[in-house]
Amino acid sequence: MRAEGDGGLERFSSPGKGRGLRALRPFQVGDLLFSCPAYAFVLTVNERGNHCEHCFARKEGLSKCGRCKQAFYCNAECQKEDWPMHKLECSPMVVFGENWNPSETVRLTARILAKQKSRPERTPSEKLLAVKEFESHLDKLDNEKKDLIQSDISALHRFYSKHLEFPDNKSLVTLFAQVNCNGFTVEDEELSHLGSAIFPDVALMNHSCCPNVIVTYKGTLAEVRAVQAISPGEEGTTTGVRRATHRKGTERADPQPIATSTLWAPQVFTSYIDLLYPTEDRNDRLKDSYFFTCECQECTTKDKDKAKVKIRKLNDPPKADTVRDMVRYARNVIEEFRRAKHYKSPSELLEICELSQEKMSTVFEDSNVYMLHMMYQAMGVCLYVQDWEGALRYGQKIIKPYSKHYPLYSLNVASMWLKLGRLYMGLENRAAGEKALRKALAIMEVAHGKDHPYVSEIKQEIERR
């Protein structure tokens, strides 16, 4: 199957091997391949009052909904545009009060159901892939995931029955499974969570741990830009990777490089996961969330794993069993911290970070990704309690190994430079602050585009200080 897209892109599908997106013309680093408006979206509850509920604009002086007094808008136009979705929650928030607590996934799914009823025809968000075509992978769900979906369905019925007509339970299970596999987290310039959304055409792209594009957000619009040069091969030549990576849960393999007389169209790859971690960890995450194992070049060669799990140089080097035990401890403490964030105090969280770093440092170098993970969490706690000096100390330790472990145009690296720059500026170290902000800009002008509001805001920060 072949479906033409906009601007030199096409959807393709191979029987038994899955589908994806490929390029029919060259794209240079920083070029915009395509943009996709959100099919459905929801602002996270914690950002209400800071961002417009409809366009996600960040500004002061937003106007609140007169009835529920919990949704905020730029103006009457944004409020009117958002009403078909906000009405799903406005009255229930008043009725349930503090007991109104659907998960973000439930909120997003409710909006998808409303959108499907009000606009059954194909939307501008579905030029290449329709929501109804999303993979669900129902046959791969374990009992825990199935129970979570049933819990979400119960919440959907409880909080949204007034304004929605629901399909049967089987259809709802499928829809929630589709949302879990194909939903996107919308983040700001510091990678803080803003909300969740469905971008169908963006979901068409396959995964690679060596991505050639990156996805950023301009309000509720997703933009896809090249972070590597993408060049269709000349006629009579071939170029390509040994094995292709996979779409969310769909196995597929590119052919081995052979001579051909046709134009070779390179596939467009994004990354579904955080690329900081070693191969085994990345694939564990991919298998758990998307039901496949990646076979990109980085996963096949594992070239970066040694540096990512760097061992401290000691007169008496640790034995292999000791290293394995420490890796197991690191993974466990990462999971422990993830759960602890929901119920422990900042001081208790910081103690977990400090104690785990102390223990891991007997075997791991500071540049080891497990050490970096806990440093990053500690930095986040420091920022939360406004310990700016403490946050800066952690950030200074993180940024150099981050720049080594992540791809060249990484949002994780850009956001760390940005945080450092703002910390330096706040602590009256203008020279260091400006240097760090310019490092962030160099990445963001490629990843976000030079005309992005975030880029303009950072330039203004440099100029006014």
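A few points on the structure. (Residues numbered from 1 in each chain as written. Predicted model: local features only at pLDDT ≥ 70, side-chain atom pairs only at ≥ 80, totals over all residues. Heavy atoms only, no water.)

Examining the side chain of Lys419
Part 1 of the reasoning: The topology assignment puts Lys419 in helix H13 (residues 411–426).
Part 2 of the reasoning: Here Lys419 is buried and forms no salt bridge, its nearest opposite-charge partner Glu190 lying at an N-O distance of 5.2 Å.
Part 3 of the reasoning: Excluding its chain neighbours within four sequence positions, the residues that come into contact with Lys419 are Glu190, Tyr376, Met379 and Leu383. (Helix = DSSP H or I, 4+ residues; strand = E, 2+ residues; numbered from the N terminus. Buried < 20%, exposed > 50% of the residue type's maximum accessible area, 1.4 Å probe, protein only. Lys, Arg positive; Asp, Glu negative; His and termini not counted. Salt bridge = Lys/Arg side-chain N within 4 Å of Asp/Glu carboxyl O. Contact = heavy atoms within 4.5 Å.)

Digging into the packing of helix H10 (residues 346–360) against helix H11 (residues 369–384)
Part 1 of the reasoning: One can describe the packing of H10 onto H11 by two numbers: an axis separation of 9 Å at closest approach and a directional angle of 155 degrees. Viewed along their axes, H10 and H11 adopt a mutual orientation that is roughly antiparallel. Viewed along their axes, H10 and H11 form a crossing whose handedness is left-handed. Within the contact between the two elements, H10 uses Pro346, Leu349, Leu350, Ile352, Cys353, Ser356, Gln357 and Met360 and H11 uses Tyr370, Met371, Met374, Met375, Gln377, Ala378, Val381, Cys382 and Tyr384.
Part 2 of the reasoning: Along the lines of polarity and charge, the residues of the contact of H10 with H11 split into 14 nonpolar, three polar and no charged. (Axes fitted to C-alpha atoms, helices over the stretch in contact; angles between N-to-C directions. Parallel < 35°, antiparallel > 145°, perpendicular 65-115°, else oblique. Left-handed = near helix turned anticlockwise from the far one by under 90°. Nonpolar A, V, L, I, M, F, W, Y, C, P; charged D, E, K, R; others polar.)

A short note on a positive patch on the surface
Part 1 of the reasoning: Together, Lys310, Lys313, Lys400 and Lys404 make up a positively charged patch on the protein surface.
Part 2 of the reasoning: Its location among the elements puts Lys400 in helix H12 (residues 388–405).
Part 3 of the reasoning: On the accessibility criterion, Lys400 (70% relative accessible area) is exposed. (Patch = residues over 30% accessible without salt bridge, like charges linked within 9 Å, V, L, I, M, F, W, Y side chains within 5 Å. Areas by Shrake-Rupley, 256 points an atom, 1.4 Å probe, with all protein chains shown as cover. Charge placed at Lys NZ, Arg CZ, Asp CG, Glu CD.)

Describing unusual backbone geometry
Part 1 of the reasoning: Here the phi dihedral of His137 falls at roughly 55 degrees; this positive angle occurs in a residue that is not glycine.
Part 2 of the reasoning: The topology assignment puts His137 in the loop between helix H2 (104–118) and helix H3 (143–160).
Part 3 of the reasoning: With phi around 65 degrees, Leu191 is a residue other than glycine that occupies positive phi space.
Part 4 of the reasoning: Note that Leu191 resides in the loop between strand E8 (184–187) and strand E9 (193–198).

With respect to the nonpolar core
Part 1 of the reasoning: Core analysis: the biggest nonpolar cluster contains 136 residues, and Leu33, Phe199, Val202 and Phe364 have the highest contact counts within it.
Part 2 of the reasoning: Counting six residues, the second largest nonpolar core, distinct from the first, contains Ile214, Val227, Val446 and Ala447. (Core = buried A, V, L, I, M, F, W, Y, C linked by side-chain atoms within 4.5 Å.)

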